[in-house]
Number of protein chains: 2
Amino acid sequence: MKINKNYQNIEETYLFSEVAERVRRFMEKDKSATLIKMGIGDVTRPLCRAAVDALVKASEEMGTAEGFHGYGPEQGYEFLRDEIASYYQRHSGVKLYSEEIFVSDGAKSDIGNILDIFDVDNIVAVTDPVYPVYVDTNVMSGRKIIKLSATADNDFLPMPYPGLEADIIYLCSPNNPTGAAYDKTRLKKWVDFANAHGSVILFDAAYEAFITDPDIPRSIYCIEGARSCAIEFCSLSKTAGFTGTRCGYTVVPEGLVREGVQLRKMWLRRQSTKFNGVSYPVQRAAAACLKESGQEEILQNIAYYKENATIMAQTFAELKWPFAGGKNSPYLWVKCPHGMRSWAFFDDLLERANVICTPGSGFGDCGEGYVRFTSFNTHDNTVEAMRRIKEIFA
Amino acid sequence: MKINKNYQNIEETYLFSEVAERVRRFMEKDKSATLIKMGIGDVTRPLCRAAVDALVKASEEMGTAEGFHGYGPEQGYEFLRDEIASYYQRHSGVKLYSEEIFVSDGAKSDIGNILDIFDVDNIVAVTDPVYPVYVDTNVMSGRKIIKLSATADNDFLPMPYPGLEADIIYLCSPNNPTGAAYDKTRLKKWVDFANAHGSVILFDAAYEAFITDPDIPRSIYCIEGARSCAIEFCSLSKTAGFTGTRCGYTVVPEGLVREGVQLRKMWLRRQSTKFNGVSYPVQRAAAACLKESGQEEILQNIAYYKENATIMAQTFAELKWPFAGGKNSPYLWVKCPHGMRSWAFFDDLLERANVICTPGSGFGDCGEGYVRFTSFNTHDNTVEAMRRIKEIFA
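Throughout this document, residue positions are counted from 1 along each chain, in the order its sequence is written. Here every chain gets a letter starting at A, and every ligand a number starting at 1, in the order they are written. Local features in a predicted model are, by the rule used here, given only for residues with pLDDT of at least 70; side-chain atom pairs are given and counted only at 80 or more, and totals for whole chains, interfaces and linings are based on all residues. To obtain the side-chain values, all non-hydrogen atoms of the structure were included, while hydrogens and water were left out.

A.B. asks: How do you make sense of the overall build of chain A when you look at a structure like this?
C.D. replies: Secondary structure elements follow DSSP: runs of H or I of four or more residues count as helices, runs of E of two or more count as strands, with numbering from the N terminus. Counting its regular elements, chain A contains 12 helices and 15 strands. In this setup the radius of gyration rests on C-alpha atoms only. A globule is expected at 2.2 Å times the number of residues raised to 0.38. Here chain A has a C-alpha radius of gyration of 21 Å; the compact-globule value for 394 residues is 21 Å, and the two agree. Taken along the three principal axes of its C-alpha coordinates, chain A extends 60 × 55 × 50 Å. Within chain A, the proportion of its 394 residues that are buried is 63%. Accessible surface is estimated by sampling points in the Shrake-Rupley manner with a 1.4 Å probe; for residues, cover comes only from the protein chains shown. Carbon and sulfur atoms provide 50% of the accessible area of chain A, an area that totals close to 14,200 Å². Exposure is judged per residue with a 1.4 Å probe applied to protein chains only, and the accessible area is read against the type maximum: over 50% gives exposed, under 20% gives buried, and values in between give partly exposed.

A.B. asks: Sorry, what's going on with the pattern of salt bridges here?
C.D. replies: Any two side chains of opposite charge can pair, so long as their charged atoms come close to each other. Each salt bridge in this description consists of a side-chain nitrogen of Lys or Arg and a carboxyl oxygen of Asp or Glu lying within 4 Å of one another. For the coordinates displayed, the defined rule picks out 56 salt bridges over all chains. Here A:Asp116 and A:Lys274 are joined by a salt bridge, their closest N and O atoms 2.8 Å apart. Here A:Lys274 lies in helix α8 (residues 263-274) and A:Asp116 lies in the loop between α4 (107-113) and β3 (123-128), a separation of 158 residues in the sequence. Assigned by exposure class, A:Asp116 and A:Lys274 land together as buried. Here A:Asp121 and B:Lys2 are joined by a salt bridge, their closest N and O atoms 2.4 Å apart. Of the two residues, A:Asp121 is situated in the loop between α4 and β3 and B:Lys2 in the segment before α1 (15-29); the pairing between them involves two chains. Its relative accessible area of 46% is what places A:Asp121 among the partly exposed residues. For B:Lys2, a relative accessible area of 33% puts it in the partly exposed group.

A.B. asks: Before we go on, may I ask you to explain the interface of chain A and chain B in this structure?
C.D. replies: How big an interface is tends to be reported as the loss of accessible area on association of its parts. In this analysis, two residues are considered to be in contact whenever any of their non-hydrogen atoms come within 4.5 Å of each other. Taken residue by residue, the interface counts 77 residues in chain A and 77 residues in chain B. Buried area: the sum, over both parts, of the accessible surface (1.4 Å probe) that disappears when the two are put together. Interface area, chain A with chain B, both sides summed: about 6,200 Å², of which 54% is carbon and sulfur. Among the residues chain A hides against chain B, the three largest losses belong to A:Met1, A:Tyr71 and A:Arg269. Together they make up 13% of the total. Our enumeration of links across chain A and chain B arrives at 12 salt bridges.

A.B. asks: Help me out: how do you make sense of the domain arrangement of chain A in this one?
C.D. replies: Residue and element names in this part refer to chain A. Under the domain assignment, chain A is made up of domain 1 (5-46 + 295-393) and domain 2 (49-293). Relative placement of domain 1 and domain 2: their C-alpha centres are 26 Å apart. Where domain 1 abuts domain 2, roughly 3,000 Å² becomes buried across the two surfaces, and 59% of that area is made up of carbon and sulfur atoms. In this assembly, domain 1 and domain 2 are joined by 0 salt bridges. Whenever a nitrogen or oxygen atom comes within 3.5 Å of another N or O atom, the pair is scored as a polar contact, on the condition that within protein one atom can donate a hydrogen and the other can accept it, and that pairs from neighbouring residues in sequence are kept only if both atoms are in side chains. Across the domain 1-domain 2 interface, the total number found is 19 residue pairs in polar contact (both at pLDDT 80 or more). The set of elements that each furnish at least two residues to the side of domain 1 that touches domain 2 consists of α10 (292-318), β11 (323-325), β12 (331-335) and β15 (370-374). Top element by residues in the side of domain 1 that touches domain 2 is α10. It accounts for 7 residues. Across the side of domain 1 that touches domain 2, the residue classes tally to 14 nonpolar, 9 polar and 8 charged. Domain delimitation in this document rests on an assignment produced automatically or drawn from a domain database. Each residue gets one of three labels, nonpolar for Ala, Val, Leu, Ile, Met, Phe, Trp, Tyr, Cys and Pro, charged for Asp, Glu, Lys and Arg, and polar for the others, Gly among them.

A.B. asks: I keep staring at the sheet that holds strand β15 (residues 370-374) of chain B and nothing clicks. Help me out?
C.D. replies: Across a sheet, paired strands are connected by hydrogen bonds in the backbone, their directions being either parallel or antiparallel. Strands are labelled as partners when DSSP assigns at least two bridges between them. Read across the open sheet, the 4 strands follow the order β11-β12-β15-β14 (chain B); overall the sheet is antiparallel. Each edge of the open sheet is held by one strand with a lone partner, namely β11 (323-325) and β14 (358-359) of chain B.

A.B. asks: Looking at this structure, I do not really get the relation of the copies chain A and chain B. What am I missing?
C.D. replies: Relating one copy of the chain to the other requires a rotation about an axis plus a shift along that axis. Fitting of the copies onto one another was done by least squares over C-alpha atoms, counting residues only where both copies have pLDDT of at least 70. Each copy superposes on the other: chain A lies on chain B with an RMSD of 0.0 Å after a rotation of 180° and an axial shift of 0.0 Å. Seen this way, the second copy is the image of the first under a two-fold rotation axis. When C-alpha distances to the rotation axis are compared across chain A, the minimum falls at A:Val56, with a value of 2.5 Å. Mapped onto chain B, 100% of the interface residues of chain A again fall at the interface, so both copies present the same surface.

A.B. asks: Quick question: what am I supposed to make of the sheet that holds strand β7 (residues 230-235) of chain B here?
C.D. replies: Residue and element names in this part refer to chain B. Within the open sheet, the 7 strands sit side by side as β2-β8-β7-β6-β5-β3-β4. Their pairing is mixed. If you trace the sheet from one side to the other, it starts and ends with β2 (101-104) and β4 (144-149), each paired once. Across the sheet, the mean angle separating the axes of adjacent strands is 20° when strand polarity is ignored. As paired strands, β7 and strand β8 (residues 248-251) are joined by 4 bridges and run antiparallel to one another. For Ser-235, the partnering residue across the bridge sits in β8 and is Gly-248. Here helix α3 (residues 78-92) sits on the sheet in contact with β2, β7 and β8, set at roughly 115° to β2. To get an axis, a line is fitted to the C-alpha atoms, and for a helix only the part in contact is used. The angle between two axes follows their N-to-C directions and goes from 0 to 180 degrees. Across the sheet, helix α8 (residues 263-274) touches β2, β6 (200-204), β7 and β8, and the angle it forms with β2 is around 25°.

Now the structure itself:
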């Protein structure tokens, strides 16, 4: 019996446990402090009424002989895939076929599992800083990884360069952690690169609902040529507060063929073999959120978080702290003042403002000297955190 | 870009599509026939009230600021893992630690995904006939597979034999498709073999709730030594009708160590990296079913299916058709009369009795000459199907 030894090469990231530990130690010293968490990566607004009503109705159905649903289609119910297709049509004029859409329990699962259909012998390109899942999943399977630096010099948006060799390219836009988002011109360059080199772009669109700038595409399929080189992952998590309800979807276009094989068919085979579909009530709730009626409620929550982001962006601008994101994204990627390192600024913010952020160095070497703020706290807490920061650092 | 070429070695099983096609053709000829499906692999009884109430309550919670749940623990909520531990304690006196229990969206996902933690270079043993997922998932990753014949000679319960080389051993008991179940003495031999050879048993206990015979273990951990060689997969699908609600769990004991590494830690790493937990309302519903109060309702459904199985077993016994299962299992594995081949008997049953079964040859070479009946139809349909079969074949 041999275990998968690649697991021994995964770097343990102690980022969030170290954050928790430092907060714990601080609270021991100063028990009266009122901490405000601006590092939260999870949503906080409750599910919208349309989602709750759909969950309740479908749950009641499941208790009746006529309304009971057993195994559903592995790819997801047609009623939900149709809503997803309409959603794309509405927000971006993108036409998807039902067979191209795969409903799942979340983008994280799909982003990890998609690697099943690719050979180990492929070069993987990720950005630095990066959402650690892209790296760890490839280390687990033993792929070679190269890193593309995301720095202020390239607006935190790495671009293809002459001589770049990459078979699998991860792009997350709007980005976690930087909040930077590719505009159409820049994204087109990646699509052209992938088509020219036979690469596949794994496009993480988890934060697309925060985009309001018309020049920032909400789907990679807004870009000509993307249907022959890109797989898109998206989720209801940030769009509709589904982090605990669990529903995502992955698009594998018909036209995406490598070595003569349709990747859509491979993914269908993977999902029919290793997955059994998403909970029926959850699929009903997801469909309710994507319907035009549900969209109204959803957009109110997005607007709430976006207002927080705007308040934060204004504060950092006033303080003349350079930052990315906060416009089409729930994240703000802030340069630490006075050339401080990430953890030093984290400690300083914690001790003087009692505000918790996330040290950028935890997301990669290029994250050193930055911290990540998120807009998922309440309006009042966001206002208060910014008031404290201004008072101390102005 | 290289795709995973192992996918090209997966045999397409046309079993269920061929069944559907033959039924369609038959219905074209004989539009008035009242078909009874005895091949159904899905449950048909609605969710119990305790499950529905828990789903509804948790869904309403999700719509409130105080009750909202975002990302949950990847391994599952403590409240559900505690109920699973109590369930094992009650039904088998087996003590599990909370850290050993991993909640998931279903056993199929876990059975497929567990292979992530093993090297490709392992020999895999499966039974023949077999649940196709065990085979396909290993073909996808390029492992060598050997088949252990399950025939009437060994009561459809293959046993280890001298010279057997197997690193990963799949055992499904009560078995899909044969309905045969290992007693403690036989299962102990597998546990001893695995411990002696350093193999890992992947034990699929999906049908454990149908066991009533005290000599048939409901968990492999009833067997001494299993905690150092076995991973157990189970699910609420058949236990509580969760095929469309989606919740399962996997047990990886602390004491299961290979090449110096705790497999529990590897699986935790796999799940934290490629999975984001199960829907909160679904976990609440699963917990409600496993509580002693919910168990009453659940057992009524199991008893309903088991009565169907008994009616079928009596019929086949009267007809002197040899069969396995039907006692501690929802499945009956029936030898085709007069030495008929699986598909020939399938056609005969369809045409003369208008009853649909599943041809055994679809589950492997050793399934030739057998068909599978399931007890998941209604009581009335089961009685009627057996009446027709007796009338025609007596």
